[in-house]
Amino acid sequence: MADVALVPPVGAPRRREVISEGLFVRVVLIAIAVALLGIFLLLPLVSVFYEAFRTGFGPYWAALGEKDALAAIRLTLLVAAIAVPANLVFGVAAAWAIAKFDFKGKSFLITLIDLPFSVSPVTSGLIYVLLFGAQGFFGPWLQSQGIQIIFAVPGIVLATIFVTFPFVARELIPLMQEQGTTDEEAAISLGAGGWQTFFRVTLPNVKWALLYGVLLGNARAMGEFGAVAVVSGKIRGQTNTMPLHVEILYNEYMAVAAFAVASLLAMLALITLGLKTFLEWRFSGEIAAIRR
Amino acid sequence: MDAVTGNDLNIRAGLGSAHARIAAAEGLRPLAGTWGKQVDVTVENVARSFGDTAALHGVSLKIASGELVALLGPSGSGKTTLLRILGGLDFPSEGRVLFGAEDALGLSVQERNVGFVFQSYALFRHMTVHDNIAFGLSVRPAKRRPAKAAIKKRVDELLDLVQLTDLGKRYPAQLSGGQRQRVALARALAIEPRILLLDEPFGALDAKVRKDLRRWLREIHDRTGHTTVFVTHDQDEALELADRVAVLNKGRIEQIGTPDEIYDAPATPFVAGFIGETNALPVRVESGKIFLDDRALDLASTGEADGPRMLAFRPHDIEFTGEGAGGIAGLVVSELRHGATRRLAIEVGPQRHRIEIDVGAETAGQKGNRVVVLPRSWRLFSPDAFRG
């Protein structure tokens, strides 16, 4: 309706936008925006690849094929492969409970889910050292059982799960709250049981938000530095993830190797964004229908 | 009268093919030989409170098998709460609900086998129309679940019944409001429900579609014979569609009766005010006579105790009388065209009580004239009945 009203009558003088700045202001504002994006986002990204390939493809492949680099890549993939599915389950369960039910302590639970976002990652890592480290709360008992958590893979996984906890839940809660519970009520009145309702009605209604949360959570899981740095112990070839490996290489003045590994992480970010954009484009109709 | 004629025209013009299709679908037979087992429903002293606020205070209601009953009331009257209690989506704090002789409150939603049509339809967005309708059958446990082909046949039959034969492959977002409503109904009918519950079934539709769908729902009901309860705040809808209407107000049932009883003999001031339009004029009863100000009206009040009352009557239910014949005399202060009639506002007596009457559209130019009228049918209520 509003569009129709804005169209000037035939023969009317040159259309003048009601809400518009002068040419000069527009040029200046756009230039500032482009300059900021270029300097703070595009340039760093380009320079990562530039530094990585500065001495050509050979050294690049050599740096990636190196034993410790491969170990770091494997560890990062392993951690993500555990942390992301774990948070998928936790996130869906938490969002489902918060959005579909009323209970005491609900707002406290929402705050708790946000905690990893507000706490510094280094603190998150320290929490686990204090709990499971040699001098920690459970440390002596764990040691007596021969279980190593800190400075080992379990600690890295725990820290990563903690840091990426909000991603899925945060994506799902607003959408599920907006959708309400009538679809579920319809399903049970038609005879569906709890699990049938969940898998055939609740989950399909949020699948795109879920995928989006998983993608972002995955990017963070692979890229997490602070929390993992505290609990990993940075043992080369054993507890070094890709971000930690980048730092070590960089500190040892191995710029090409450092940027080669960093370029993998940057690539991961680009793939995540590309995948997200592709999915949004490919299923735009369905997403619109589900949000409706 | 005119409304009825209008509807007949609608039917002939717009639903002609619908009649043919319903007749063609006459061969539709339920899966299990009957349309589910229709039951009568008994609601006994059902109360429901949410925290400190009571939504229902001891409501009792009996619904015969195969009956079409409307729960009519303003928002906040508890009508939707009562419907949800029948459907098992809410539970009463007190009271009993029986399906036949069976205690319905002891049954889970799934076990109740109730067809519930939601106000927002609640169609599953990610499923086609076909899959929506098939949902109730396809979630049954394996031994009670019909074969795929049987489900498909059943869905096709229901699509015919709701006149959406070729739309099975569409998604809900691709349908109009009226079509979604019909899918929701087909989905509820698919499970062969024991009772059918509809929450404001036409609330989200525009006036024309509402009227057509109302007629159509009545026809579906007459064919399938489901015990049906629907909630509405629209009195026309309730009076036109239902066998009986239960009028709810503030969590209590004010009156249960046929549309004629509700309209012609409102039991309480609330019903008189909520259903149709009602004039309320303060009068006084003295030894069997009704006084307006200090003149006796030519109306006999048998057995009423002396004291102040409210005289209630419908704007259309009046006749003109001569001066001095014990009528209600007043000055016409405005006249408005009101559909097929003309509505006159009249100020009566020194207190300038305002009443409205309906006269033929041909009666124009009455403004400023003095008229004398008498209600043909009327009721007396307590003096503070129409306050608040």
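The coordinates are above.
It should be emphasised that the depicted structure is a prediction, and the values quoted were computed from it without experimental measurement.

Student: Even after reading the chapter, I still don't get the sheet that holds strand S1 (residues 41-50) of chain B, so can you show me in this structure?
Tutor: Strand pairs in the sheet, formed through backbone hydrogen bonds, run parallel or antiparallel to each other. Residue and element names in this part refer to chain B. The strand order S2-S1-S4-S5 describes an open sheet built from four strands, whose pairing is antiparallel. Where the open sheet ends on each side, the last strands, each with one partner, are strand S2 (53-63) and strand S5 (102-103). Pairing analysis gives two bridges linking strand S4 (residues 94-99) to S5, with the strands arranged antiparallel. Residue pairing across strands places Leu98 opposite Asp103, the latter belonging to S5.

Student: How should the interface of chain A and chain B be read in this particular structure?
Tutor: Contacts between chain A and chain B engage 20 residues on the former and 22 residues on the latter. Of the roughly 2,000 Å² buried between chain A and chain B, counting both surfaces, carbon and sulfur atoms make up 58%. With its nearest N and O atoms 3.0 Å apart, the salt bridge here joins Arg125 of chain B to Asp183 of chain A. Counting the contacts that link chain A with chain B gives seven residue pairs in polar contact (both at pLDDT 80 or more). Counting only elements with at least two residues in the side of chain A that touches chain B, the list comes to helix H10 (182-189), helix H11 (194-205) and helix H16 (284-291) of chain A. Sort the elements by how many residues they give to the side of chain A that touches chain B and H10 of chain A lands first, with seven residues. Looking at the side of chain A that touches chain B residue by residue, the class counts come to nine nonpolar, seven polar and four charged.

Student: Sorry, what's going on with the pairing of strand S19 (residues 370-375) of chain B here?
Tutor: Regular strands show a simple pattern: their side chains alternate between the two faces of the sheet. Residue and element names in this part refer to chain B. Burial runs high along S19: five of the six residues are buried. Bridge count between strand S15 (residues 318-320) and S19: three bridges; the pairing is antiparallel. Among the inter-strand pairings, Glu319 is bridged to a residue of S19, identified as Leu374.

Student: Explain unusual backbone geometry here, please?
Tutor: Trans peptide bonds make up the majority, and among non-glycine residues the majority have a negative phi. Residue and element names in this part refer to chain B. In this structure, Lys250 is a non-glycine residue whose phi angle is positive, near 50 degrees. By secondary structure assignment, the location of Lys250 is in the loop between strand S9 (244-249) and strand S10 (252-257). Its relative accessible area of 58% is what places Lys250 among the exposed residues. Of note in the backbone geometry, Arg352 takes a positive phi value of approximately 55 degrees without being a glycine. Mapped onto the secondary structure, Arg352 falls in the loop between strand S17 (341-348) and strand S18 (353-360).

Student: Looking at this structure, I do not really get the pattern of salt bridges. What am I missing?
Tutor: Side chains carrying opposite charge are able to pair once their charged atoms draw close together. All names here are of chain B. For the structure on display, the rule yields 30 salt bridges over all chains. Notably, a salt bridge pairs Asp212 with Lys208, separated by 3.0 Å at the nearest N-O pair. Here Lys208 and Asp212 lie together in helix H8 (residues 207-224), a separation of four residues that amounts to about one turn. Among the residues examined, Asp212 registers a relative accessible area of 16% and is labelled buried. Lys208 sits in the partly exposed class, given a relative accessible area of 45%. Here Glu286 ties to Arg284 by a salt bridge, and the two come within 2.8 Å at their closest N and O atoms. A relative accessible area of 31% places Arg284 in the partly exposed class. Within this structure, Arg210, Arg214, Arg215, Asp234, Glu237 and Glu240 form a network of salt bridges that share partners.

Student: Help me understand the nonpolar core, please; the structure alone is not making it clear to me.
Tutor: What tends to happen in soluble globular proteins is that the nonpolar side chains get buried as a cluster. All names here are of chain B. In this structure, Ile133, Leu185, Val245, Val247 and Ile275 are the most contacted members of the largest nonpolar core, which totals 45 residues. Broken down by element, this core gets its largest block of residues, seven residues, from helix H7 (residues 177-190). Residues Val41, Leu86, Met127 and Ala246 belong to the second largest nonpolar core, which totals 39 residues.

Student: Sorry, what's going on with the packing of aromatic side chains here?
Tutor: Aromatic rings considered in pairs are described by the distance between their centres and by the relative angle of their planes. Residue and element names in this part refer to chain A. For the coordinates displayed, the defined rule picks out 18 aromatic pairs over all chains. Look at Phe90 and Phe165: their rings are 6.0 Å apart centre to centre, the planes differ by 35 degrees, and that puts the pair in the tilted class. Here Phe165 lies in the loop between helix H8 (153-164) and helix H9 (166-179) and Phe90 lies in helix H4 (residues 67-100), a separation of 75 residues in the sequence. Phe90 sits in the partly exposed class, given a relative accessible area of 40%. Given a relative accessible area of 22%, Phe165 falls into the partly exposed group. For the pair Trp96 and Phe198, a centre-to-centre distance of 5.9 Å together with 80 degrees between the ring planes defines the contact as edge-to-face. One end of the pair, Trp96, is in helix H4; the other, Phe198, is in helix H11, with 102 residues separating them in the sequence. The class of Trp96 is partly exposed, set by a relative accessible area of 32%.

Rules used in this analysis
Residues numbered from 1 in each chain as written. Chains lettered and ligands numbered in written order. Predicted model: local features only at pLDDT ≥ 70, side-chain atom pairs only at ≥ 80, totals over all residues. Heavy atoms only, no water. Pairing = 2+ DSSP bridges. Helix = DSSP H or I, 4+ residues; strand = E, 2+ residues; numbered from the N terminus. Contact = heavy atoms within 4.5 Å. Buried area = accessible area lost by both parts, 1.4 Å probe. Salt bridge = Lys/Arg side-chain N within 4 Å of Asp/Glu carboxyl O. Polar contact = N/O pair within 3.5 Å; in protein donor to acceptor, adjacent residues only side chain to side chain. Nonpolar A, V, L, I, M, F, W, Y, C, P; charged D, E, K, R; others polar. Buried < 20%, exposed > 50% of the residue type's maximum accessible area, 1.4 Å probe, protein only. Core = buried A, V, L, I, M, F, W, Y, C linked by side-chain atoms within 4.5 Å. Phe/Tyr/Trp six-rings, centres within 6.5 Å; stacked < 30°, edge-to-face > 60°.

Keep in mind that these numbers describe shape and distance, not what the molecule does.
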